[in-house]
Amino acid sequence: MTRSAKPTPASASPPPRKPSVRRSSGFSGQVSEVDLRLLRVFHTVAAQGGFSAAEIALGKSKSSISLDISALETRLGLKLCKRGRSGFSLTGEGQAVLDATLTLLQNIQHFQQRINQISGILSGTFRLYVPDNLQTHGETPLIRAIETFTNRHPNVFMTVHSASTRDVEVAVTNGQATVGIALYPQNMPGVQGTPLVAEALNLYCGAKNPLFHVPEADITLETLASQRMIAVSDAATSAQWNEIRTHLSFHAAAENVDGRALLILSGNFIGFLPEAFAKPLVDRGLLRRISFNNLQLITCFHFLARISPETELMVETFRALLEESY
């Protein structure tokens, strides 16, 4: 009787090999100009959201940008981003490298600013915040100061932001603004406030308003009380106004001078405007000043700054020019 042969047991499959994990050897050696160039390319790609979007900003082709990113990844031993049909995104390591890159580039800028200050050369970004009701028509002291400052210091990159008075103050306080022009002085630690100039505001009505053709001598307090007045900022005042305002009715408000002018030109409201702003409209017969015992309001603008080692020279230079212009 033939015995059946035992089946040969199948050889056991070897356990699956764990994928090897490539570990970065870290960043070694000195940070070279090539490293800085690659990091700036990486920063731009991340800021633009991909290689294609960064082509114009960098002035390079997508393939050239890809080579730079690959070179940086090899230099760092890290995978910085994912690219392909699913789109562009940073890896976890890429986000960390981006954060470190931002800090590095800011520190380089601060170093450049400090060296230039020691040399008497101004550079960096100068962020000027002005209230949106600031008079900018005509040859104002602020315009003269900007003209002189930017002519003398071409290495400074100036940005101008228009905001509400409150937002200007906040921007100076938190360091977002290099300097600000505001209606109210600040007594906060680290913020310096310097009075600049007092501005006179006159009372006006539009050509469509019934008061436009009323003789000045016939305009009384009762006449003004019958009109719809535009609200006035607490920063604007005078001894005469404190007495008169209690008799008036306020029916509108505008945060800036252009908004007030629109309301007055509608003919339905009277309100205060800076004389220099209103003059062209008066000359064209669109506005009329209501003198009423030479009624005027006075506002005082203040120069606000939060001094830091990086901005001190720029701030003091611009402050001096502004004070000279006034």
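For clarity, every value in this text was computed on a predicted model and none was experimentally measured.

Draft legend 1. Region of the structure containing the pairing of strand E6 (residues 191-206). Bridge count for E6 against strand E11 (residues 296-306) is 11 bridges, and the pairing is antiparallel. From the neighbouring strand, Val197 faces E11, where its bridge partner is Phe301. Sheet topology places E6 next to strand E9 (residues 271-274); four bridges connect them, and they run antiparallel. Bridge assignment links Leu203 to a residue of E9, and that residue is Phe272. Of the pairings in the sheet, the one linking E6 to strand E10 (residues 287-290) comprises four bridges and is antiparallel in character. The residue of E10 that forms the bridge with Gly206 is Leu287.

Draft legend 2. Region of the structure containing the nonpolar core. Counting 22 residues, the largest nonpolar core has Phe126, Phe303 and Phe318 as its most contacted members. Put simply, the parts of the chain that give this core at least two residues each are strand E3 (124-131), helix H5 (141-152), strand E4 (156-163), strand E5 (179-182), E11 and helix H11 (312-325). Top element by residues in this core is H11. It accounts for five residues. Not counting the four nearest positions on each side in its chain, Phe303 is found in contact with Val179, Gly180, Ile181, Gln192, Gly193, Thr194, Leu196, Val315, Phe318, Arg319 and Leu322. Grouped together as the second largest cluster of nonpolar side chains are 19 residues, Ile219, Ile270, Ile290 and Leu295 included.

Draft legend 3. Region of interest: the layout of surface pockets. The calculated volume of the second largest pocket comes to roughly 280 Å³. Lining the second largest pocket are 15 residues, with Arg127, Gly175, Thr178, Ser308 and Thr311 sitting closest to its centre. Elements with a contribution of two residues or more to the lining of the second largest pocket: helix H4 (92-118) and E3. Considering every element that reaches the lining of the second largest pocket, the biggest residue donor is H4, with three residues. Split into classes, the residues belonging to the lining of the second largest pocket amount to three nonpolar, nine polar and three charged.

Rules and cut-offs
Residues numbered from 1 in each chain as written. Predicted model: local features only at pLDDT ≥ 70, side-chain atom pairs only at ≥ 80, totals over all residues. Heavy atoms only, no water. Pairing = 2+ DSSP bridges. Helix = DSSP H or I, 4+ residues; strand = E, 2+ residues; numbered from the N terminus. Core = buried A, V, L, I, M, F, W, Y, C linked by side-chain atoms within 4.5 Å. Buried < 20%, exposed > 50% of the residue type's maximum accessible area, 1.4 Å probe, protein only. Contact = heavy atoms within 4.5 Å. 1 Å grid on protein atoms, 1.4 Å probe; cavity = no way out; pocket = protein on both sides within 12 Å on 5 of 7 lines; lining within 4 Å. Points joined across faces, edges and corners; volume = space filled by probe spheres on them. Nonpolar A, V, L, I, M, F, W, Y, C, P; charged D, E, K, R; others polar.

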